[in-house]
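Structure assessment
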Amino acid sequence: MLTYLHVKNIALIHDLEIDFGSGLNILTGETGAGKSIILGSINYVLGGKSKKDVIRHGADEAMVECVFDVSDKDQEIQTIREILDDNGISTDPNGIIISRKTALNGRSVFRVNGEVVRQDVIRRLAGLLIDIHSQHEHQSLLSSSRQLELLDRYCGEAMEKLLATYGDLYRQHYDLLKEMDVDLMDDEKRRREIAFLEFEIKEIEDANLTLGEDEVLQDVFDRLSHSKEILEALGHIDQTFFGRQDISSQVSSYISDIVKYKDHDKSLESVYDSLMQIEDILTTLSRDVEDYVEQSTDFEEELYEAEKRLDVINQLKLKYGDTIEDIYSYLAKQVDKHQSLVDYEKNLLEAKAKIKSLETQLQKTGQDIHDLRAQKSLNLKGQIENLLHDLNLENAMFQVSLNKTKTFGIKGFDKAEFLITTNKGEPLKALKEVASGGELSRIMLALKSVLAQVDEVGTLIFDEVDTGISGKTAQMVAEKMVDLSGLRQLICITHLPQIASMADHHYLISKEVVGDVTKTDMVLMDEEESLEEVGRMLSGGRITDNVYKTALEMRNHGKKIKAAN
């Protein structure tokens, strides 16, 4: 359940912190006080769309944080933990902490237990934690697809398994049909495609490429392409040291001269050693230059071969991939494609057989889904009618109509339609044709009361559940919400004293002007303050003794009902 909400710089809210409790949490206040801002803040932090003016005027950023306690719902915890683990989010002993910040530039940052996450992760978690019902949600009940979704949720785990099996079959069937549609071609086109593939395969195979060959050849090419300049440089060296001046011979003669005198002057030993080193260096240099020149006699032919081979490889790279690995990967795909076209008729027959088999399985699983829906529809009919009678629609009759479509859909071949009549003697008609605002609110409440028995969501939020009702009907709706709050945490925005008097926790939302600034605030009221607020809702203003007495009676009546539950 939702245990804590912190709203900062959202619309008229400056900084607001609220603790929510279990059972029935009621939010009341004057029209325009900001009740919709509270609901909008919860929507906002759970991944809803952010309006451009969401940030309070004068603030740099907006922030909402909420904390959910899921300790009492084992199945829900398991699913949530899987989502957390998949996204590298650690668990928190305080529960699931979700926050969202939005800067003036419109950029939002979502966090779960302190870790930054994508918006879709927030929405997945939100679907397991909370269910928000506004007037818009009531209107969505008129959609056939929404009605089918609600029916399937009512069918429970058995339907989940059937839909999972069916969905897998459906995707296989769709992919095969799509593949066949792409692959279908006339004989002439297939022959041309085969010939083209054979050309590509032969071109790559004939090249007989070796992995890493291009890198070795590039090194050879880089070296040989400068061989002419290198040989010229070596020629200059040879001419300088061993040519006309023949420095090597001069060094030898110097050594002979020094040998004659070094016995007479020991200080000449170092000169002699240096000359000997120079002679060794020149001898090595002469040999190295000679060896290089001898090995480079055929460099032009070797350069030509390297360049020609590199041209072949680079042409293949332009066509089939940036590397030799890519070229061979492309070759493998083309070989498979070629084989597929060669075996086209055989593959086509196999694909048709597979499609037929899948359609048989889809038909069987789809029928199982239909049968389960039909069976559960009868149970849902009885429960909804009983609840509608309790909600002062005494003559209401409810039915789920299931009509088979001609083709397979993603969730079977059923189209669901909720039918209802609220007047005796009137025929059943589609919900969208007969339900008024007040009736639609009660039908939604009845559906949620039934679904609460099978849903894992711990918190339900109702906004405008009291649309179009008053008096006795309002009292019945209030009592039904008490029933529902025994199963789930309820947070309800209401204008009706009958509902407010049932609160386990009663919050007042108010708006005040401080200087030139308008602020929305929300506080948890004590018992006496709650009585006064119910009295204000009854009278619309001044609370007389009679009004206070009536409020007290309503409050005591609410306590008796909760005690009985």
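To start, this report covers the structure provided alongside it.

Each value, and the rule that gives it
- Residues numbered from 1 in each chain as written.
- Predicted model: local features only at pLDDT ≥ 70, side-chain atom pairs only at ≥ 80, totals over all residues.
- Heavy atoms only, no water.
- Pairing = 2+ DSSP bridges.
- Helix = DSSP H or I, 4+ residues; strand = E, 2+ residues; numbered from the N terminus.
- Axes fitted to C-alpha atoms, helices over the stretch in contact; angles between N-to-C directions.
- Contact = heavy atoms within 4.5 Å.
- 1 Å grid on protein atoms, 1.4 Å probe; cavity = no way out; pocket = protein on both sides within 12 Å on 5 of 7 lines; lining within 4 Å.
- Points joined across faces, edges and corners; volume = space filled by probe spheres on them.
- Nonpolar A, V, L, I, M, F, W, Y, C, P; charged D, E, K, R; others polar.
- Patch = residues over 30% accessible without salt bridge, like charges linked within 9 Å, V, L, I, M, F, W, Y side chains within 5 Å.
- Areas by Shrake-Rupley, 256 points an atom, 1.4 Å probe, with all protein chains shown as cover.
- Salt bridge = Lys/Arg side-chain N within 4 Å of Asp/Glu carboxyl O.
- Lys, Arg positive; Asp, Glu negative; His and termini not counted.
- Charge placed at Lys NZ, Arg CZ, Asp CG, Glu CD.
- Buried < 20%, exposed > 50% of the residue type's maximum accessible area, 1.4 Å probe, protein only.
- Core = buried A, V, L, I, M, F, W, Y, C linked by side-chain atoms within 4.5 Å.
- Phe/Tyr/Trp six-rings, centres within 6.5 Å; stacked < 30°, edge-to-face > 60°.

In space, the six strands of this open sheet follow the order S8-S12-S13-S3-S14-S15, with mixed pairing throughout. Edge strands, defined here as strands with exactly one partner in the open sheet, are strand S8 (130-133) and strand S15 (517-524). Neighbour-to-neighbour, the strand axes of this sheet turn through a mean angle of 15°, independent of strand direction. Packed onto the sheet, helix H1 (residues 35-45) meets strand S3 (24-28), S8, strand S12 (459-463), strand S13 (489-493), strand S14 (505-514) and S15 and runs at close to 140° relative to S8.

Right, let's talk about empty space enclosed by the protein for a bit. One pass over the full model with this rule turns up two cavities of 30 Å³ or more. Of the volumes computed, that of the second largest cavity is approximately 30 Å³. Along its surface, the second largest cavity is lined by Phe 20, Leu 27, Ile 38, Leu 39, Ile 42, Ile 461, Ile 491 and Ile 493. In the lining of the second largest cavity, the residues fall into eight nonpolar, no polar and no charged.

So, about a negative patch on the surface. Together, Glu 215, Asp 219, Asp 222, Asp 322, Glu 325 and Asp 326 make up a negatively charged patch on the protein surface. Contributions of two or more residues to the negative patch are made by helix H8 (213-224) and helix H13 (324-342). The element that contributes the greatest number of residues to the negative patch is H8, accounting for three residues. Relative to the elements of secondary structure, Glu 215 occurs in helix H8. Judged by relative accessible area, Glu 215 falls into the exposed class, the value being 59%.

Moving on: the nonpolar core. Leu 380, Ile 384, Leu 388, Leu 445, Phe 462, Met 481 and Ile 499 are the most contacted members of the largest nonpolar core, which totals 65 residues. No other element matches helix H14 (residues 344-390), which puts twelve residues into this core. The residues contacting Ile 499, other than those within four sequence positions of it, are Ile 26, Val 465, Asp 466, Ala 474, Val 477, Ala 478, Met 481, Cys 492 and Thr 494. Counting residues in hydrophobic clusters, the runner-up holds 47 residues, among them Val 7, Leu 16, Ile 55 and Phe 110.

A complete count under the given rule lists four aromatic pairs for this structure. Both rings, one in Phe 20 and one in Tyr 507, keep their centres 5.2 Å apart while their planes meet at 55°; by these two values the pair is tilted. In this pair, Phe 20 sits in the loop between strand S2 (13-19) and S3 while Tyr 507 sits in strand S14, placing the two residues 487 residues apart along the sequence. Aromatic pair Phe 398 and Phe 418: ring centres 5.3 Å apart, planes at 65°, arrangement edge-to-face. Taken as a pair, Phe 398 in strand S9 (residues 397-409) and Phe 418 in strand S10 (residues 412-421) lie far apart in primary sequence, 20 residues in all. With respect to class, Phe 398 is no different from Phe 418; both count as buried.

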